[in-house]
Structures are given as C-alpha cells and as structure tokens.
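This is what each chain is made of:
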Amino acid sequence: MRACKALIRHCRFYPIDSVLSLGVIALINWVLWASVSWIVQAADWSVVSTHLPLFATGSYPPDQRWRPLLWISLLAALTLITLIVPIKRGSNRWMGMVLPWCWVSMIPLGLVLMAGGLGLSNVPSRAWGGISLTLLLTVCSAVLALPFGILLALGRTSDLPVLRHSSRLYIDVMRAVPLIAVLFFGKLLIPLFLPMQLEINQVLRAVVAFALFAAAYVAEDVRGGLQAIPQTQREAAAVLGLSPLQSLQLVVLPQALRIAIPALTNQAIGLLQNTSLMALLGLVELLGIGRNLLANPAFIGRHLEVYVWLGALYWLFCTAMALLARKIEHSGPTLNGRSA
Amino acid sequence: MKGTRRWLLQLAVVVLLLTLMGVLINNLAVNLIRTGLGLSFSWLSRPTGFALAEHALPYRPSDSYAWALLVGWINSLKVISAGLVAATTLGVLAGSARRSTNPLLRGLAALYVSVVRQIPLLLQLFFWYFVALLGLPQSNPSPLGSLFSLTNQGIAILGVHLSVEFTAVLLGLSVFTGASIAEVVRGGLDSVPRGQWEAYRSLGLSERLGLRKVVLPQALPAILPGLSSQYLNLAKNSTLAIAVGYSDLYSVSDTSITQTGRAIEGFLLLLLSFLLLNLLINAVMQVLNRAVIRRGQRS
Amino acid sequence: MNTAIKAHHICKTYGADHRALDDVCVDVISGEVLVVMGPSGSGKSTLIRTFNGLEEIDSGELDVLGIKLDNEADPRHVQRIRRRVGMVFQQFNLFPHLSILENITLAPMRVQKQARVQAEAKAHSLLKQMGISEQAEKYPAQLSGGQQQRVAIARALALNPEIMLFDEPTSALDPERVKEVLDAMRTLANQGMTMVVVTHELGFAREVADRVLFMDSGRVIESADAKTFFNQAQEERTRKFLNQIN
C-alpha cells in the first residue's frame, strides 16, 4: 500500500515516467495473470506430486526413507527455531549456548542417519539422492572447507615466505579453474593419485573436490577479515602476555571471522547451488532427480513444471541460509563502530 | 634465536609439502604404469573422429585433437565476450535501478536480483534451453520477416544466425552474472557520499544525467574490482555450456579425454587455457582500472 | 632502592636514517613515577614500547626487571616480561568482541591459568576501584572513551604487574573525560606502583611525577625531578617546549 502511494507521488513529479510506469504495470499484470493461470490451470503438477519422496530422498530404500526425511525435518525445525528465537546478549543465554551445539550435532547425525551404523542398517552411498544428498554434500564440504580455508588464509598472510608463496599458489590456481573441471578431474584423478588398494566412494570424492575448491575462496574471504583487524589488537594481546597462537585464537580470528560472515555466507550459498553440478557427473542430487524424471518419456513436455519446482526449492534453501547468516551476524557485539 | 625458529618452521613445511607431493606422484606413477598410459602429448595430432556442431574455423572429424581444442577455445571466447557485454549492460541497468527514484523500477530490480541469485546457474541454463528456446515453434512467421526470426532452430538477426545452444548459454550467463553485477554496482553507488546525489539534484540535473555524469564516475573505482571478479566468474561458468551441448573448450576437452583417456594431459591443457584467459581478463581490467584512477586524479 | 628498568645507550633506527632513539640512557627506580614528555616524533612512545619488547632495540643495553631485552632476546623471555609489565595505549585497544569482564579475565585465565571464579572476583574489584563496576557485562563499543580507558587500565592491572607503562593515555579522550582517567592513575601512583607515563598533561606531571624526562629527536634533552624540571629547566629547548604547551 505504501509502495503504491510512493509510486503515485513519484508519477506526479515525473510525467514521462508515469506513462512508462503504466506500461510496465500493465506488463507486470499480464505476466502475473499468465503465471497464475499457468500454475493453477495449464500446468500438470502430477510429475511433482507423485514423486515427492523421490525428490526428498532419491532411490533410498523405501522402508528406510524415514531416516533422510527425519534429518531434513530436524534441519528445517532447527532453522525455524534459530530464526524465531531472539538471541540477544544478556537475555536468553541458554538458547545462545544450546543452539550452536544443536547445529554442530546435525553433521554426525546426518551421516549416521544416511549411511547407517549405531544399530541402523547400512545404506550404500549409491542409493543416496535428492534433497538429503544436496544438503549432505553442502554441509560436509562446507565443514571441511572452512578450517582448510582458514589455514590457507593464515598461510597467505604469514611472514614466512615459504608458507606465503605455497598458499598463494594453491589459492590462485584453484580460483583460476572452473568448478566443473575440478569435479570432473577430481573424479578421474583422485583415484590415480591414491594407492591402488584405496577406493573411496563417489560421494566422498565429490565432497573432497568441493572442499578443496571452496577452501581457496574461503581463504580469500578470511584474508579480507584478517586484514580488517588493526595491528594494535595484536599488540594489545601481546602486552598481556598472550602467545602469538593465543592472540590468533582468542583475539584476531574471532573478529576476522565475524567480519567475513557476509562473504562466507555467499560462499556457502554458492556451494549449495554448485552441488547441482554433480547432476552432470553422476550423482542424483536434487537437480539430478529432476533430470532423471524428465528423461522418462512419460513426462515429456513437463520441463517447466519440474524446473519451477526445483527453482522454488533452491530459492527456499538459499534464502533460509542468507537469513540464518544475518541472524548470526546481528547477534554479536559491535566491532569498531560498525555493526558486525 | 628467532631466526633459527623461523627457518626450522619453513623447512618443516617444505619437507611436509615435498613428502605429500612425493607420495602423490609415486602413486600416480604406479597407477600410470599399471594402466600402461604414461604421460604423452602425441595424441594431440591424431584425428578426433567426432563432429562439432559449431565452429568458427573450418573443422572436420578428420582434423586433429589440437585443432578441435582450438575451435572449442574460440567458441568459448565467443560466448564469453558476448556474455560480458550483455551481463554488464544488464547489471549496470539493474544496479542503477535499485537506487532509482521510481519505486516500481526499484522493486523490479530487487525482485530480479533476489530470484536469480538464489537459483543455480545450471538449472537456469536448462530452463533457457529446454523451455524458453526449444519450446519455441518450428517456424515463427513474423512481420519483420528476414530481419529477425525466433524459432527452435535458433535466432536470426539481419542474416546472422545464432544457434539455440549458443543463445541459451549466452542468456543463462548474462542473466545470472547480470544479477551479481547489479549487486556490485549497487554497492559502488552506495559508496558515493549522499552529498553528491543531493548536489546534482540541487543543480536541477535530471536523475538519469546526474547518475551518468556525477555518481557513476565516482562509483567506478569501488565497482571495478568486484566487476573483474564477476567477469572471471562468468568465464569460469561458461564451462557449464556442456550441459546444453554447446561445444566450448571444456566440452571438447571432456570428449577428447573420454576418447583418449588422457586425463592428466587434458587437465594441464585446460588449466593452462584458463590461466591464459584469466590473465587476459585481468590485464584488460588493469588497464581500465588505471584509466579510471588517472581520470580520478586529473579531476 | 631497586632499579626496575635499566636502559644504557639504547639506539633504534627506522628505515634508512630515521633515528627514533639516539643513545638514550635512563634508569627507572622501583616505586617511582617517571613522566616522559616531548614534542611528537621525539621518540618518547618508541622508548616506552621498548620497555616491554614491542619495539626491538638495535644496540645498547636494556634490562627490565632483571631480564635482558636486546635484539637477541629470546621471544619467550619477552613474553615473560610482558606478564610483569602492564601497558595502556592511547587508543585503549580493548577487544571489541569480548565483554568488559572477558577483556579483563582473558589474560589471567589464559596466561596465568587462574580459575574463572578467582579471575572474575579480581576483575570485579578492579572495576570497582576504577569506578565502573556496573559496566562488567557490556561490550567496549557501548562505553565512553574515558570508561574504555579505565577498563584498559583494569585489564593491565589484572595480571598484578610490577611496572605500568602508559602511552599517552588521555590523548584520544574528550577533554571532559580526561580527569576520570588521570584520577585512576593518581590512585595507582599513591599505591606505590612503578609507572612510566608518556603524557602532555602538565598538571598530572607536576603533581604525581617523581621525575620528568624531556626528549627531542630521539635524544634525552633533560632529566630532573619534577620540581626542578618545571621551575628551573636547564635547557633552552625544554623551556621553549614548556612555554608552548602551557
């Protein structure tokens, strides 16, 4: 409503604009009407609605489907709780302590639920798929890429030439290569560089390739954060008798990482989107499921329905991640005047 | 005392890296001997035996792998350079629109950025190719006749024919990168002090003129670094062309490696081409950057 | 009478020819308050930064609390010195991501391995001494400059230092905030703390200093007890400086 008023006022001042605006509004109305009527009438959603479990879990054994579904629901619930509960300093300390641990525990929980163990029957990674695989790939690669990226950033900013140059070489080469090449050659080459007896499964290979790739980008973001920390912070830590390692761990890194949160969020969202590349390389994650369905002659001409559905899902995941990151960012104290 | 520790630490890192490389290379050698491959580039001169749908240079299946890779490289350059122009135009328009006085424009631009940036490029490519372009009618009688035609065989403008594959990759790359460039442009505009906007408005300049002559030139130094990293992203993302069957460098490399089994040599060649491409884009952006800075100093 | 800091003929050069410290000799006796004055760029900050190893000296002899701090000093010795010498900076340099209480307990818990209860009790008593006990749970960005600087003093005191170094502690403060910080320092001096203070505050120097050192261009121009220094300075340059800032 307020937007309408703003528009009317704007048009009073810019008459040429108002003619254009009317045209655009007409166009928007037409697009909206066409979309809605397509979604409601023309589209045949049976290709989506009859395959919901497939989109969620891939070809996971039907009697075990509750395991990936449980993991997805827990993730969704945790996301909602984190977004709704106010984590302000002082108030609600308890939530501020418990939530991070809940998040950390989601990783081993997801692995056990998907792979089996602890009394659950083993399900080979070949049978993993759909949303659960997309989320698992994202989470595992991110968790591996973060520490590796931080190490690379520290190496890149070190005053020891050997460390600095080798980190820099790695970062620059990785950032020059397209991801699909890293994934494709990771698939071909990782087995060549490993001893003959050692075989690692396809999901793990993908996770390693994603993590190696993402770490180079994480490193540059963390480096940006490190450079934003004034030298005087290190001095203040030094005069208190903290060792260089303690100064890094307790003073410099916590601040640098908080400054890097927006950039790191973009990397995490990019990572989630990039897991879709595995659809070209033989894993049936979310996009892979869509492709497989469309290859079925029964669903010929149902491309738009599937793509709109997949687009909505990806949009939802990415937006949820962005909201989560903003929440984390705003829950900390102010750093040097800017809210970080 | 301090010096010795530094050297010891570095020595330890060198030893660690060398050991790691040694183990990896040893495994590689063992595996290569086992598969009887070895390292060699002689396959580059052998005929490929596969056809390429699109080639700017004359090409037949009897031509060599090296020639095929060159044709692929040119195809990549073609789509990348067209994509750079289109994405920049789209990005600058959408980025400026987000700071426009017209709320409708602002809303549209925000919608574009928030939708496109949260959906994987690969999915968008599939949409452009399978739905938007292949969904077109076989023949599309248009009033413009031979000037412009849009069918599922491709697009013809003034006698220039663009294939469906090329168009899909171009659309996908430009729309996707355009949204990221819009964010870069918006950030650049925000870096210009509010006083500058108020100053041109108080002088009675129109919004468009003020943006073009006052604000954008001052925002450029803040925009260029982000822009060049988006350009590099576009170049790297162009490899997703393989998903819709456009014969770019990566797709030709992929086929060649599958046929010859020369993964390591293929990877090295691809790495080299992309390092070259990066250097090229970086060099151009450096020149631009210097020009902008020089102009900033003069005024 | 113990000597806390012995500096003999110390020199320090930046870059090719900028002599920050040029053959400086000074002894600081336990329990005394030494005020260092001089125009900006005179080397006074560099001098006190050498006293806890933030700056390495190029030549000369420097002995702090019986530990040698020359250019071949073991980094571990430097660290040991820093636990016994507190320092307060011009820009406070509190850790913005930690609360006031955490700022103060960080070093006692991590360096001296004190228990949390003990460290926090000490922190609260220091905050009370500084007159800001109600700020413990806040973050640095929520405090005024004067309050932040008092937290910085408390943070340094939490390690029970034998010497306190102050590097222009009031220069970054609003004029009306200067007094609260100087009062805290005065209390500290009255408790017998060994202090080296770089400052332009003449009133504080007159009232609290036992001795005043005047530096210019990296050299010690004059060193005298406070009364002599302010009333009968020997050197022309000292008198000129005092006239300028008066």
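Small disclaimer: the values here were computed from a predicted structure and weren't measured. (Residues numbered from 1 in each chain as written. Chains lettered and ligands numbered in written order. Predicted model: local features only at pLDDT ≥ 70, side-chain atom pairs only at ≥ 80, totals over all residues. Heavy atoms only, no water.)

## Re the overall build of chain C
Rule in force here: Under the scheme used here, helices are H or I runs from DSSP no shorter than 4 residues and strands are E runs no shorter than 2 residues, and both carry numbers assigned from the N terminus. For this measure, only C-alpha atoms enter the radius of gyration; the expected value for a globule follows 2.2 Å times N^0.38, where N is the number of residues. For accessible areas, the Shrake-Rupley method is used with a probe of radius 1.4 Å. Any residue's cover is judged against the shown protein chains and nothing else. The sign given to each residue is positive for Lys and Arg and negative for Asp and Glu; His and the chain ends receive no count. For the purpose of locating charges, the reference atoms are NZ of Lys, CZ of Arg, CG of Asp and CD of Glu.
Secondary structure assignment for chain C yields nine helices and 10 strands. In summary, chain C has a C-alpha radius of gyration of 18 Å against a globular reference of 18 Å for 246 residues, a match within 12%. The principal-axis extent of the C-alpha atoms belonging to chain C is close to 50 × 40 × 40 Å. Total accessible area computed for chain C in this model is approximately 10,700 Å², and 43% of it derives from carbon and sulfur atoms. Considering chain C, the positive charge centre built from 29 side chains and the negative charge centre built from 32 side chains are found 5 Å apart.

## With respect to a nonpolar patch on the surface
Put simply, the rule is: Patch membership requires over 30% relative accessible area and the absence of a salt bridge. Like charges are linked within 9 Å, and nonpolar side chains (Val, Leu, Ile, Met, Phe, Trp, Tyr) within 5 Å. Whenever a carboxyl oxygen of Asp or Glu lies within 4 Å of a side-chain nitrogen of Lys or Arg, that contact is scored as a salt bridge.
A surface patch of nonpolar side chains, amounting to about 420 Å² of accessible area, comprises W315(A), L316(A), L108(B), L111(B) and V115(B). Sorting elements by how many residues they give to the nonpolar patch places helix α3 (residues 103-116) of chain B first, with three residues. Along the chain, W315(A) falls in helix α14 (residues 303-331).

## Description of the sheet that holds strand β2 (residues 154-157) of chain B
All names here are of chain B. Our working definition: Strands qualify as paired when DSSP identifies two bridges or more between them. Where helices are involved, their axes are fitted lines through C-alpha atoms of the stretch in contact, as for all axes, and angles between N-to-C directions lie from 0 to 180°.
Pairing in this open sheet of three strands is antiparallel, and the strands run β1-β2-β3 from one edge to the other. The outermost strands of the open sheet, each flanked by one partner alone, are β1 (148-151) and β3 (160-162). Each adjacent strand pair in this sheet contributes to an overall mean axis angle of 10°, direction not counted. Of the pairings in the sheet, the one linking β1 to β2 comprises four bridges and is antiparallel in character. When the bridges of β2 are listed, L150 appears paired with I155.

## As for helix α10 (residues 202-227) of chain A
Put simply, the rule reads: Here the expected length of a helix is defined as 1.5 Å per residue gap, with one fewer gap than residues. Using a 1.4 Å probe on the protein chains alone, a residue whose accessible area is under 20% of its type maximum counts as buried, one over 50% counts as exposed, and one in between counts as partly exposed.
Taking 1.5 Å per residue as the helical rise, α10(A) with its 26 residues ought to reach 38 Å, and the 38 Å between its terminal C-alpha atoms agrees with that figure. A large share of α10(A) lies buried, amounting to 19 of its 26 residues.

## Regarding the interface of chain B and chain A
Rule in force here: Residue contacts are defined here by distance: any two heavy atoms, one from each residue, within 4.5 Å place the two residues in contact. Accessible area that two parts lose when put together, evaluated with a 1.4 Å probe and summed over both, is termed the buried area. Whenever a nitrogen or oxygen atom comes within 3.5 Å of another N or O atom, the pair is scored as a polar contact, on the condition that within protein one atom can donate a hydrogen and the other can accept it, and that pairs from neighbouring residues in sequence are kept only if both atoms are in side chains. Each residue gets one of three labels, nonpolar for Ala, Val, Leu, Ile, Met, Phe, Trp, Tyr, Cys and Pro, charged for Asp, Glu, Lys and Arg, and polar for the others, Gly among them.
Taken together, the contact between chain B and chain A spans 48 residues of the former and 51 residues of the latter. Overall, the association of chain B and chain A removes approximately 4,400 Å² of surface from exposure, summing both partners, and the carbon and sulfur fraction of that is 75%. Three residues, L104(B), Q118(B) and L123(B), lead the burial of chain B against chain A; their summed loss comes to 14% of the area buried on that side. Linking chain B with chain A are five residue pairs in polar contact (both at pLDDT 80 or more), by the criterion used here. Looking at the side of chain B that touches chain A, the elements with two or more residues in it are α1 (2-35), α3, α4 (121-133), α7 (207-237), α8 (249-260) and α9 (263-298) of chain B. Its residues assigned to classes, the side of chain B that touches chain A shows 32 nonpolar, 10 polar and six charged.

## Quick look at the pattern of salt bridges
The full count for this structure, using the stated rule, is 25 salt bridges over all chains. R223(A) is the partner of E220(A) in a salt bridge, and the nearest nitrogen-oxygen pair spans 3.1 Å. Here E220(A) and its partner R223(A) are both found in helix α10, three residues apart, which amounts to about one turn of the helix. Between R186(B) and E183(B) there is a salt bridge, with its nearest N and O atoms 3.1 Å apart.

## Focus: the packing of helix α2 (residues 65-97) of chain B against α3(B)
All names here are of chain B. Just so we agree on the cut-off: Angles are sorted into four bins: roughly parallel if under 35 degrees, roughly antiparallel if over 145, roughly perpendicular if 65 to 115, and oblique for all others. In this scheme the handedness of a crossing depends on how the near helix is turned from the far one: anticlockwise by less than a right angle means left-handed, clockwise means right-handed.
Between α2 and α3, the least distance of the axes is 8 Å, while the angle of their chain directions is 125°. For the element pair α2 / α3, the angle class is oblique. For the crossing formed where α2 meets α3, the hand is left-handed. Note on element contacts: α3 touches α2 through L105, R106, A109 and Y112, opposite L90, A94 and A97. Split into classes, the residues belonging to the contact of α2 with α3 amount to six nonpolar, no polar and one charged.

## Observations regarding helix α8 (residues 161-176) of chain A
The α-helix winds at 3.6 residues per turn, so residues separated by three or four positions along the chain end up facing the same way. Over its 16 residues, α8(A) runs 22 Å from end to end, which matches the ideal 22 Å to within 8%, given 1.5 Å per residue. When we look at burial in α8(A), the residues that qualify are S167(A), I171(A), M174(A) and A176(A).

## Some points on the packing of aromatic side chains
Under the convention used in this document: When the centres of two rings from Phe, Tyr and Trp lie within 6.5 Å, Trp using its six-membered ring, the rings pair. Their planes under 30 degrees apart give stacked, over 60 give edge-to-face, and anything left gives tilted.
Scanning all chains against the criterion turns up 17 aromatic pairs over all chains. Seen in terms of ring centroids, F184(A) and Y250(B) are 6.2 Å apart; in terms of plane orientation they differ by 90°. Their pairing is edge-to-face. Pair noted here: F184(A) is in helix α9 (residues 179-193) and Y250(B) is in helix α8, and the two residues belong to different chains. Considered together, F184(A) and Y250(B) belong to a single accessibility category, that of buried residues.

## Points about the packing of helix α6 (residues 194-202) of chain B against α7(B)
Residues and elements named next belong to chain B. Direction vectors running N to C along α6 and α7 enclose 145°, while the axes themselves pass 10 Å from each other. As α6 runs across α7, the sense of the crossing is right-handed. Judged by residue contacts, Q196, W197, Y200 and R201 of α6 engage E207, G210, L211, V214, V215 and Q218 from α7. The class makeup of the residues in the contact of α6 with α7 is five nonpolar, three polar and two charged.

## Digging into the confidence of the model for chain C
Residue and element names in this part refer to chain C. For the record, the criterion: pLDDT expresses, on a scale from 0 to 100, how confident the predictor is about each individual residue.
Chain-level pLDDT for chain C is 89 on average; 100% of the residues reach the 70-or-more range. When pLDDT is averaged over each element of chain C, strand β8 (residues 194-198) comes out on top at 94 and helix α2 (residues 75-84) at the bottom at 82. Under the prediction, the complex receives an ipTM of 0.86, its pTM being 0.85.

## So, the pairing of strand β4 (residues 59-64) of chain C
Residues and elements named next belong to chain C. Note: strand β1 (residues 3-14) against β4, five bridges, orientation antiparallel. Counterpart to A7 in the pairing with β4 is L62. For β4 and strand β5 (residues 67-68), the ladder comprises two bridges, and the chain directions are antiparallel. Bridging across to β5, V64 finds its partner in I67.

## Describing the environment of A241(B)
Residue and element names in this part refer to chain B. One can find A241 in the loop between α7 and α8. The class of A241 is buried, set by a relative accessible area of 1%. Once the C-alpha coordinates of A241 and L122 are considered, the two residues, 119 residues apart in sequence, prove to be 9.0 Å apart. Residue contacts for A241: discarding those within four places in its chain leaves V169, Y246 and D248.

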